[in-house]
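Each chain, letter by letter, is given below.
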Amino acid sequence: MKRIKKLLFSSELYFALFLYAGVFKESIKLPIDLAAVFLLLTCVLMMINIYRKGVLNKTFLVLTTVLFTIVGYILLNFIFTSGNAYFADKLIKFILLTIPTIVLTVLILNSKESVHKFYVSIVLITITIALILVPSLIARGTNIGFIGISGGNYQGVARLLGAGLVIAIFYFLLIETNLKKKAIMLIASLLILTVLLGTGSRMPILGVILASIYIAFQLVLLKSGVIYLRKGVKNLIPFVITLGLVIPIIIQKGVLQTIIYRFIVLFTENGGGTSTLGRIERFDTALDMLKSAPFLGTGLGSFSVYYGNREYDYPHNLILEISSELGLLGLLLFLSIIFFSAIFSFTNIRKKNLTTIGMVTIGLLIYHLSNAMVSGDINSNRILYVFIILLYFLPILNIDTDKNRKSGVING
């Protein structure tokens with residue numbers, strides 16, 4: 001009970017709610033913006049925590065410099081490009097949503113304990129959303145159609161479910177030792193997976209597969225002809241067995257009808273179907289923009305102008321969006337942040353094995369990066385920036401208090 005109370009009054013919970021508010025806020029008709037409420041609660045609880053500790057993370061100075069550099073570049077980019085009607089809207093969202101995300105990640109998620117709370121929060125939110133969507137899934141039956149809250153943002157729902165699934169399976173199932181809690185997490189994982197498959201969104205499923213492949217390699221360590229397994233690996237066996245029993249049932253109930261149909265369309269229809277054709281058209285437009293202004297780009301928010309002057313459109317690929325609107329210099333700035341974060345982390349970790357929480361963090365970075373290649377814009381992909389920063393904090397997450405790193409030994 002104390003842990004639940006502590007979580008309910010934690011900045012980590014409200015930060016997670018702020019990040020994923022877009023999944024459900026449109027379906028909850030309130031006179032106030034839920035994202036703004038969760039942001040305010042996060043800031044208040046964070047400031048109380050900082051006041052008690054009496055210290056700011058030293059990375060904050062580095063972060064401030066980086067943020068001023070990014071905003072400065074965007075403003076200079078606007079001056080040297082022709083400008084457009086969508087610039088202000090996109091910049092305001094960047095300042096009000098994306099910058100707070102980056103700053104709060106540094107100030108809140110700077111310890112192993114806080115990241116653990118953050119992951120607990122994501123899983124709890126995911127389970128809640130999955131339970132809310134079960135009636136819609138049952139009502140749809142074998143019909144073709146997307147599943148979202150009140151028929152809304154199915155892609156956002158699927159991306160949340162995918163992230164929660166990775167954490168539930170590869171973090172909590174691996175580290176949990178209490179039999180009752182393992183059983184609860186097993187059921188929760190199967191619930192999340194079932195609803196994810198039922199949403200009809202393709203990339204979150206592929207993203208989970210990519211993250212799982214990376215994590216699967218991290219579960220096994222070959223050293224001097226001996227294979228070491230993490231202790232928690234045995235917890236995955238009941239999940240795999242139960243999954244084998246559940247899959248035929250959900251196929252029979254028609255849960256997979258939409259996702260099977262969408263993958264069939266991807267490989268059989270001309271151009272991969274309407275959704276894929278739309279993305280290819282946007283990719284082509286972004287590449288033409290890059291060719292016309294390779295170094296500085298055509299200006300933040302300018303894609304909408306070039307793509308038929310449609311109100312707030314984007315390339316559906318983060319790399320193409322940055323390079324077309326902010327040029328190769330903007331892309332270089334973005335990639336350099338990822339590169340230096342990775343170099344810093346792996347230089348400090350060196351030959352140490354990743355802890356479970358570190359392994360899952362990289363898996364989630366892979367998951368969100370793969371999703372950012374086909375959906376979301378520079379602001380709606382802000383959850384990705386959280387994991388880029390956590391990549392920088394990997395040495396902290398890799399402090400060896402994790403007892404689940406190595407397990408049974410099998411001679412190889």
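The structure reproduced in this document is the subject of the present report. (Residues numbered from 1 in each chain as written. Predicted model: local features only at pLDDT ≥ 70, side-chain atom pairs only at ≥ 80, totals over all residues. Heavy atoms only, no water.)

## Focus on the packing of aromatic side chains
Working step 1: Considering all chains together, one arrives at eleven aromatic pairs under this definition.
Working step 2: A ring pair is formed by Phe 339 and Phe 340, whose centres lie 5.5 Å apart and whose planes are at 70°; its orientation type is edge-to-face.
Working step 3: On the basis of relative accessibility, which here comes to 49%, the residue Phe 339 falls in the partly exposed class.
Working step 4: Consider the rings of Phe 344 and Tyr 392, whose centres lie 4.4 Å apart with planes at 15°: the pair is stacked. With Phe 344 in helix 15 (residues 318-349) and Tyr 392 in helix 17 (residues 382-392), the pair connects residues that are 48 residues apart, well separated along the chain.
Working step 5: An aromatic cluster is defined as three or more aromatic residues linked by ring pairs; in this entry it consists of Phe 15, Phe 18, Phe 118, Tyr 119, Tyr 171 and Phe 172.
Working step 6: Lying over the aromatic face of Phe 18, Arg 382 brings its terminal NZ or CZ to 5.8 Å of the ring centre. (Phe/Tyr/Trp six-rings, centres within 6.5 Å; stacked < 30°, edge-to-face > 60°. Buried < 20%, exposed > 50% of the residue type's maximum accessible area, 1.4 Å probe, protein only. Helix = DSSP H or I, 4+ residues; strand = E, 2+ residues; numbered from the N terminus. Lys NZ or Arg CZ within 6 Å of the ring centre and 35° of its normal.)

## Here we look at the environment of Ser 136
Working step 1: By the element assignment, Ser 136 lies in helix 7 (residues 112-140).
Working step 2: By relative accessible area, which is 32% here, Ser 136 ends up partly exposed.
Working step 3: Each C-alpha atom of the pair Ser 136 and Ile 147 lies 6.9 Å from the other, and the pair is eleven residues apart in sequence.

## Looking at the pattern of salt bridges
Working step 1: Counted under the stated rule, the structure contains six salt bridges.
Working step 2: Between Asp 89 and Lys 93 there is a salt bridge, with the nearest N and O atoms lying 3.8 Å from each other. Of this pair, Asp 89 and Lys 93 both sit in helix 6 (residues 87-108), four residues apart, which is roughly one turn of the helix.
Working step 3: Classification of Asp 89 by relative accessible area gives partly exposed; the value is 34%.
Working step 4: Residue classification places Lys 93 among the partly exposed residues on the basis of a relative accessible area of 30%.
Working step 5: Here Lys 117 makes a salt bridge to Glu 113, at a shortest N to O gap of 3.9 Å. Separated by four residues within a single helix, Lys 117 and Glu 113 lie in helix 7, roughly one turn from each other.
Working step 6: Using a relative accessible area of 18% as the deciding quantity, one classes Lys 117 as buried.
Working step 7: Given the relative accessible area of 48%, Glu 113 is considered partly exposed.
Working step 8: Each of Lys 6, Glu 113 and Lys 117 takes part in a single network of salt bridges with overlapping partners. (Salt bridge = Lys/Arg side-chain N within 4 Å of Asp/Glu carboxyl O.)

## Brief notes about the packing of helix 4 (residues 34-53) against helix 6
Working step 1: Where helix 4 meets helix 6, the axes come as close as 12 Å, and the angle between the chain directions of the two elements is 30°. Classified by the angle between their axes, helix 4 and helix 6 sit roughly parallel to one another. Where helix 4 crosses over helix 6, the handedness of that crossing is left-handed. Counting all contacts with helix 4, which are made through Leu 39, Thr 42, Cys 43 and Met 46, the residues of helix 6 involved are Leu 96, Pro 100, Leu 104, Leu 107 and Ile 108.
Working step 2: Across the contact of helix 4 with helix 6, the residue classes break down as eight nonpolar, one polar and no charged. (Axes fitted to C-alpha atoms, helices over the stretch in contact; angles between N-to-C directions. Parallel < 35°, antiparallel > 145°, perpendicular 65-115°, else oblique. Left-handed = near helix turned anticlockwise from the far one by under 90°. Contact = heavy atoms within 4.5 Å. Nonpolar A, V, L, I, M, F, W, Y, C, P; charged D, E, K, R; others polar.)

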